[in-house]
Amino acid sequence: REKVEMTKEQRALMKAIVDAYNRHQIPQDVAKKLLQEQYSAEENFLLLTEMATSQVQVLVEFTKNIPGFLSLDREDQIALLKGSTVEAMFLRSAQVFSRKMPNGHTVVLEERIRKSGIPDEFMTPMFNFYKSIGELHMVQEEQAILTAITILMPDRPYVKDHQAVERLQETMLNVLRKLCVLQHPQEQQYFARLLGRLTELRTLSHYHAEMLTSWKMNDHKFTPLLCEIWDVQ
Ligand SMILES: Cc1cccc(C)c1Nc1c(-c2c(F)cccc2F)nc2cccc(C)n12
């Protein structure tokens, strides 16, 4: 098989994305709070709302640092952010969940999330997704580029300049394809498996929309940022 090499540009692009991905980390104090004290379901939910809000802020900052994103049409930038936030959040929290925390912590965080009044029919698919991401053992470069690919999805609702987004996403896909061959030489289909996760993300985002509605019905409060990004009244 021919030797797979990254071009200078591809290495520079990858570095820019990984730096942005690592630069904007979720404040650990919120996650820590969730791990420490004993909380009621109500307080747990408030903490998760705080965590979700900071995750959205972190994602907006990361997105702005994706090379080429800010030169897209302004309204398309908004359409991409609104359309991809839930999926990018699932990816990031799956990675935080399976990598960042020592094992004991993950169990405690899982406990807290299960006890925050979130419907079971949402819990199961969410934790299955976390597990399936964990099993991939992605390197951080793969995580960062896969998140960028999720954000640069040309077929999000209300995107006008399809082509411009497609060109950016294609550049990322080419980098990810080479990266997978270099990082997982034994697994021929590793790249395909990664992209398969993006399909699972779409299903999760439908669950998430239903969950938002049911929380709204039970009069749960959200922050202004979450209301804006997900058009919650
Ligand atoms: C921070 C967190 C971690 C794990 C599970 C959950 C339910 C949350 N919290 C929320 C999520 C969310 C997310 F932040 C990441 C992944 C999947 C998600 F459902 N979305 C929302 C939207 C409104 C309010 C909250 C509390 N919320």
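Worth saying up front: this structure is predicted, and the values here are computed from it rather than measured.

Cut-offs used in this document
Residues numbered from 1 in each chain as written. Predicted model: local features only at pLDDT ≥ 70, side-chain atom pairs only at ≥ 80, totals over all residues. Heavy atoms only, no water. Near = heavy atom within 4 Å. 1 Å grid on protein atoms, 1.4 Å probe; cavity = no way out; pocket = protein on both sides within 12 Å on 5 of 7 lines; lining within 4 Å. Sits in = over half its atoms within 2 Å of the grid points. Helix = DSSP H or I, 4+ residues; strand = E, 2+ residues; numbered from the N terminus. Nonpolar A, V, L, I, M, F, W, Y, C, P; charged D, E, K, R; others polar. Points joined across faces, edges and corners; volume = space filled by probe spheres on them. Buried < 20%, exposed > 50% of the residue type's maximum accessible area, 1.4 Å probe, protein only. Contact = heavy atoms within 4.5 Å. Phe/Tyr/Trp six-rings, centres within 6.5 Å; stacked < 30°, edge-to-face > 60°. Lys NZ or Arg CZ within 6 Å of the ring centre and 35° of its normal. pLDDT = per-residue confidence, 0-100.

Novice: For this particular structure, what's the right way to read the site of the ligand?
Specialist: Contacts to the ligand come from 21 residues, most closely from Thr 49, Ala 52, Met 89, Ile 118 and His 208. Of the pockets mapped on this structure, the ligand occupies the largest cavity. Mapped by element, the contributors of at least two residues to the shell around the ligand are α3 (41-64), α4 (74-100), α6 (120-134) and α9 (190-217). Residues belonging to the shell around the ligand are distributed by class as follows: 17 nonpolar, four polar and no charged.

Novice: Whenever I open this one, the layout of surface pockets confuses me. Can you help?
Specialist: Any empty space left between the atoms is revealed when a probe the size of a water molecule rolls over them. Roughly 520 Å³ of volume is contained in the largest pocket. Lining of the largest pocket is provided by 18 residues; of these, Lys 82, Gly 83, Val 86, Pro 157 and Trp 230 occupy positions nearest its centre. Where the lining of the largest pocket is concerned, the elements lending two or more residues are α4 and α9. In terms of residue class, the lining of the largest pocket is made up of eight nonpolar, four polar and six charged.

Novice: Explain the side chain of His 220 here, please?
Specialist: Mapped onto the elements, His 220 comes out in the loop between α9 and α10 (224-229). Judged by relative accessible area, which is 10%, His 220 ranks as buried. With sequence-adjacent residues up to four places away left out, His 220 is seen in contact with Glu 42, Phe 45 and Trp 215.

Novice: Please clarify how the packing of aromatic side chains should be interpreted in this entry.
Specialist: The tally for this structure, following the rule as stated, stands at seven aromatic pairs. On the numbers, 6.4 Å between centres and 50° between planes, the contact of Phe 45 with Phe 222 is tilted. Of this pair, Phe 45 sits in helix α3 while Phe 222 sits in the loop between α9 and α10; the two residues are 177 residues apart in sequence, bridging distant segments of the chain. No difference in accessibility class separates Phe 45 from Phe 222, as the two residues are buried. Considering the side-chain rings of Phe 122 and Tyr 207, the 6.5 Å spacing of their centres and the 65° angle between planes classify their relative orientation as edge-to-face. Of this pair, Phe 122 sits in helix α6 while Tyr 207 sits in helix α9, and the two are 85 residues apart along the sequence. Accessibility expressed as a relative area gives 30% for Tyr 207, which makes it partly exposed. Among the aromatic residues, those joined into a ring-pair cluster are Phe 45, Trp 215 and Phe 222. Arg 92 extends its terminal NZ or CZ atom over the ring of Tyr 21, reaching a point 4.3 Å from the ring centre.

Novice: Please explain the confidence of the model for the protein as it appears in this structure.
Specialist: Note: predicted coordinates in regions of low pLDDT should not be interpreted at a detailed level. Per-residue confidence for the protein gives a mean pLDDT of 89, with 92% of residues at or over 70. Within the protein, the lowest mean pLDDT, 69, falls on helix α2 (residues 28-35), and the highest, 97, falls on helix α8 (residues 162-183). Reported for the predicted complex are a pTM of 0.91 and an ipTM of 0.93.

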